[in-house]
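Geometric and topological summary
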Amino acid sequence: MTGHITQSYGIRERVPVENPVDAAIESLRTLGYALIDGGYDETELAAFSQAFDAAHAAAHAAAGGRETLEPIDEHNTVRVPFAYDRRLLALALNPRIREIAARLIGGYQVLSQQNGVINPPDFQTYNQAAWHRDLPYQHVVFSRPLAINALFCLDEFTTDNGATLVLPATHKQEEFPSEQFVGRCAIQVTAPRGCYIVLDSMIFHTGATNRTPVPRRAVNNVYVSPILRQQIDLPAFLGEHFTDDPDLRRLLGYEVATPRSDAEYFAERRRKLQG
Ligand SMILES: O=C(O)CCC(=O)C(=O)O
């Protein structure tokens, strides 16, 4: 038996929770979502905020600006923001989040995506304001998570500015739930800035309406088992010389490129077997 339980009977076992990571993991396993503080101070949060705005401007300028992005509903998203401002890479490397991803997914995780998410002001809609899974179109249930999202709240998430809605425990159910369940069980996850809303990527969730005059910004980091492909081929996008750090290369997917021929496959095997 672990832990002391008051006013109960017939209980011999209990989930051991010693720290915030354990608590988040318990909640993720059971409910499919959790909230955890990123551990950043005000100076760091201000730097992330500035980095986000710089990456947003640079990425959208590189893509041809709003008139190019709006027709494809990409004007409220910043794809791979850390490629435009490297300070944002730290948000994907947060030690608590990496520990959660490692413990839930298993030994090896790849960053499938880092996206800046802007919930636009004044009741406008955006591409995340619809129920979805982050492994979309999949009506399956996994006994252990294959993918975890860590949505970093760059701004405070409130009911007014459209904090994320989740349908608890739906990572354990193949189908999208009934209208009644959605109406009764949806929970809005409000959070202070600097927190991560961590999701089992199979939980159904949606951004909500931002009724304030100010955009609500977040950075979504998705970690996956290496058997899943990345949203954007990060090694190809970032280039061979982005980093020499072996752990970071692994996380960014430099070691999971699909061989393009049998010769490449054999070379890969030779490299592995010869250490
Ligand atoms: O903007 C939000 O609150 C939710 C974001 C989201 O659903 C996503 O990035 O997958």
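Structure shown above.
Residues numbered from 1 in each chain as written. Predicted model: local features only at pLDDT ≥ 70, side-chain atom pairs only at ≥ 80, totals over all residues. Heavy atoms only, no water.

Brief notes about the sheet that holds strand β8 (residues 205-206)
- Spatially, β6-β5-β8 is the arrangement adopted by the 3 strands of the open sheet, whose pairing is antiparallel. Taken across any chain shown, the strands that pair with only one partner, and hence form the sheet edges, are β6 (187-188) and β8.
- With 2 bridges joining them, strand β5 (residues 165-166) and β8 adopt antiparallel strand pairing. Of the residues in β8, the one forming a bridge with V166 is H205. (Pairing = 2+ DSSP bridges. Helix = DSSP H or I, 4+ residues; strand = E, 2+ residues; numbered from the N terminus.)

Quick notes on helix α5 (residues 95-105)
- Taken together, the buried positions of α5 are I97, R98, I100, A101, L104 and I105. The buried side chains of α5 occupy one side of the element, clustering within an arc of 160° when seen end-on.
- The backbone nitrogen of R96 has a side-chain oxygen 3.0 Å away, supplied by the residue at the start of α5, namely N94.
- Directly after α5, the chain includes G106, whose backbone phi takes a positive value near 115°. (Buried < 20%, exposed > 50% of the residue type's maximum accessible area, 1.4 Å probe, protein only. Arc of directions from axis to C-beta. Polar contact = N/O pair within 3.5 Å; in protein donor to acceptor, adjacent residues only side chain to side chain.)

Considering the packing of aromatic side chains
- Considering all chains together, one arrives at 9 aromatic pairs under this definition.
- Ring geometry for W131 versus F176: centroids 6.2 Å apart, planes at 50°, classification tilted. Here F176 lies in the loop between β5 and α6 (179-185) and W131 lies in the loop between β3 (110-119) and β4 (147-153), a separation of 45 residues in the sequence.
- Here the aromatic cluster, defined as three or more aromatic residues joined through ring pairs, consists of Y40, F48, F152 and Y196. (Phe/Tyr/Trp six-rings, centres within 6.5 Å; stacked < 30°, edge-to-face > 60°.)

Focus: unusual backbone geometry
- In this structure, F123 takes a positive phi of about 70° despite not being glycine.
- Here F123 lies in the loop between β3 and β4.
- A positive phi angle, close to 70°, is found at Y137, a residue other than glycine.
- Residue position: Y137 is located in the loop between β3 and β4.

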